[in-house]
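Reading the structure
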Amino acid sequence: MASTQGSTDKTIDRTTSTAHEAVDRVAQTATAYAERFGEKAEEWLEMKDNWVEGAREYVREHPVAALGIAAAAGYILSMLMRSRD
């Protein structure tokens, strides 16, 4: 009976060890992806800020053209929305 208990304990220990190793690998992979996503998110936010700043500069330098572009975009969007009704 003792040998059966010892064998069961060893099996449980090996299974536990394997499970811990798998969890550690998954955690490491998730951490790596989270770090990469964080870096990409920062890049995207910086790119968005650059585009917004570029648009603001364009509006400051060409206010009439910006109004024309906005009016044309609004007209096109309204035509697209009407065609769906």
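Placed above this text is the structure.
Residues numbered from 1 in each chain as written. Predicted model: local features only at pLDDT ≥ 70, side-chain atom pairs only at ≥ 80, totals over all residues. Heavy atoms only, no water.

Turning our eyes to something else, we now look at the pattern of salt bridges. One pass over the structure, following the stated rule, counts 3 salt bridges. Note that Lys-40 is salt-bridged to Glu-43, the shortest N-O span being 3.6 Å. In this pair, Lys-40 and Glu-43 are both assigned in helix α1 (residues 2–61), 3 residues apart and thus about one turn of the helix distant. Look at Lys-40 and you get partly exposed, because its relative accessible area is 41%. Residues Lys-48 and Asp-49 are paired through a salt bridge, measuring 2.9 Å at the closest nitrogen-oxygen approach. (Salt bridge = Lys/Arg side-chain N within 4 Å of Asp/Glu carboxyl O. Helix = DSSP H or I, 4+ residues; strand = E, 2+ residues; numbered from the N terminus. Buried < 20%, exposed > 50% of the residue type's maximum accessible area, 1.4 Å probe, protein only.)

On the surface, Tyr-75, Ile-76, Leu-77, Met-79 and Leu-80 cluster together into a nonpolar patch covering about 510 Å² of accessible area. Residue placement: Met-79 occurs in helix α2 (residues 63–84). On the basis of relative accessible area, Met-79 is assigned to the partly exposed category, the value being 36%. (Patch = residues over 30% accessible without salt bridge, like charges linked within 9 Å, V, L, I, M, F, W, Y side chains within 5 Å. Areas by Shrake-Rupley, 256 points an atom, 1.4 Å probe, with all protein chains shown as cover.)

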